[in-house]
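# Close look at the chain arrangement
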Amino acid sequence: MDTISDSQRRAPEPQQPPVLEGDALAAAEELFVDRLPLAKRYVAHLASSGIVRGLIGPREVPRLWERHVLNCAVVQELIPDTARIADVGSGAGLPGLCLALARPDAHFTLIEPLERRVVWLQEVVDDLQLSNVRILRARGEQAKEQVDEIDVVTARAVSALSGLVDITLPLLNGHGQLLALKGRSAAEEIDKARKSLKRWKVQDTEILTMGAELLTEPTTVVRLSL
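Quick notes on the rules
As a convention, each chain's residues are numbered from 1 in the sequence order in which they are written. Side-chain atom pairs in this predicted model are given and counted only at pLDDT of 80 or more, local residue features only at pLDDT of at least 70, and totals for whole chains, interfaces and linings cover all residues. Side-chain measures were taken over the full set of non-hydrogen atoms in the model, leaving aside hydrogen atoms and water. Residue exposure (1.4 Å probe, protein chains only): buried if accessible area is under 20% of the type maximum, exposed if over 50%, otherwise partly exposed. In DSSP terms, a helix is any run of H or I states spanning at least four residues, a strand is any run of E spanning at least two, and both are numbered starting from the N terminus. Only strands that DSSP links by at least two bridges are regarded as paired with each other. Axis lines are fitted through C-alpha atoms, for helices just across the contact stretch, and the angle between N-to-C directions can take any value from 0 to 180 degrees. For classification, angles of less than 35 degrees are called roughly parallel, those exceeding 145 degrees roughly antiparallel, those between 65 and 115 degrees roughly perpendicular, and all remaining angles oblique. Throughout, a crossing is termed right-handed when the near helix is turned clockwise from the far one, and left-handed when it is turned anticlockwise from it by less than a right angle. Two residues qualify as a contact provided that any one of their heavy atoms is within 4.5 Å of a heavy atom in the partner residue. Three categories are distinguished: nonpolar for Ala, Val, Leu, Ile, Met, Phe, Trp, Tyr, Cys and Pro, charged for Asp, Glu, Lys and Arg, and polar for the others, with Gly belonging to the last. The reported arc concerns the directions from the helix axis to the C-beta atoms and nothing else.

### Let's talk about the pairing of strand β1 (residues 84–88)
Burial runs high along β1: four of the five residues are buried. Both β1 and strand β2 (residues 107–112) contribute to a ladder of five bridges, which runs parallel. From the neighbouring strand, Ala-86 faces β2, where its bridge partner is Thr-109. As judged from the four bridges shared by β1 and strand β4 (residues 152–156), these two strands associate in the parallel manner. Opposite Ile-85, over in β4, you have Val-152 as the bridge partner.

### Concerning the packing of helix α2 (residues 36–47) against helix α4 (residues 64–73)
Where α2 meets α4, the axes come as close as 12 Å, and the angle between the chain directions of the two elements is 120 degrees. Considering the angle they form, α2 stands oblique to α4. In the crossing of α2 with α4, the sense of the turn from one axis to the other is right-handed. In this structure, α2 uses Leu-36, Ala-39, Lys-40, Tyr-42, Val-43, Leu-46 and Ala-47 to contact α4, whose residues at the interface are Leu-64, Trp-65 and Val-69. The residue inventory of the contact of α2 with α4, partitioned by class, reads nine nonpolar, no polar and one charged.

### What about the sheet that holds strand β7 (residues 219–225)?
Taken in spatial order, the seven strands line up as β3-β2-β1-β4-β5-β7-β6 in an open sheet, and their pairing is mixed. Among the strands making up the open sheet, the edge pair consists of β3 (133–137) and β6 (204–210). For this sheet the average axis-to-axis angle between neighbouring strands, irrespective of direction, equals 20 degrees. Each of β4, β5 (177–182) and β7 touches α4; the most contacted strand, β4, lies at about 165 degrees to it. Lying over the sheet, helix α7 (residues 161–168) contacts β1, β4, β5 and β7, oriented at roughly 140 degrees with respect to β5.

### Topic: α7
Working note: α-helix, 3.6 residues per turn, so residues spaced by three or four point in the same direction. Burial in α7 covers these residues: Leu-161, Leu-164, Val-165, Ile-167 and Thr-168. All buried residues of α7 lie within an arc of 165 degrees about the axis, which places them on one face of the element. Those residues of α7 hidden inside the fold are in contact with β1, β4, β5, α8 (186–192), α9 (194–199) and β7.

Put into structure tokens, the structure is as follows:
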């Protein structure tokens, strides 16, 4: 039986971004306001070079707005004014770039260990001319000495909470909050992480539902406060 080598596989084709309309358009207008044109350019990057370079799966293109970009952007409500945010495991900029677009007053450091993702993120940030974003190639647990004082750490699809706290909470240096975007298993993950939460002296643990008034599927966030 013949096998196809990686070099023989066809790279995914770039796609057109999904049309933004209806409820999704209304949500995007509320979340991004005058930076909506930049958010649209970001989604165009995701659908084209993001697909070709393996940051997003081709099947995700039809739901880039609802499932990914808006799902992340609604978390901006939890970020204090002029906060300093570290986004760990940024990947395709989810949630870091979405939040940076929605919150130009805050400053974001996107932390990502893989070079090809870092290169892509920098290209997008340069194209959008986002002055409130810095890209840092590092693992989350190694980035503490390379970031300034951080108020909030964000993470999406990085790891289960029990492991995530060891990667993210050191960046807070004893004060601040972690906003972890999670799914239906949020309560279960918290239960499994009890020992880790105690070890890190987490003062408050909450499960929050964000964007219920804007999105068909609201976003679940686990907020840990030190």
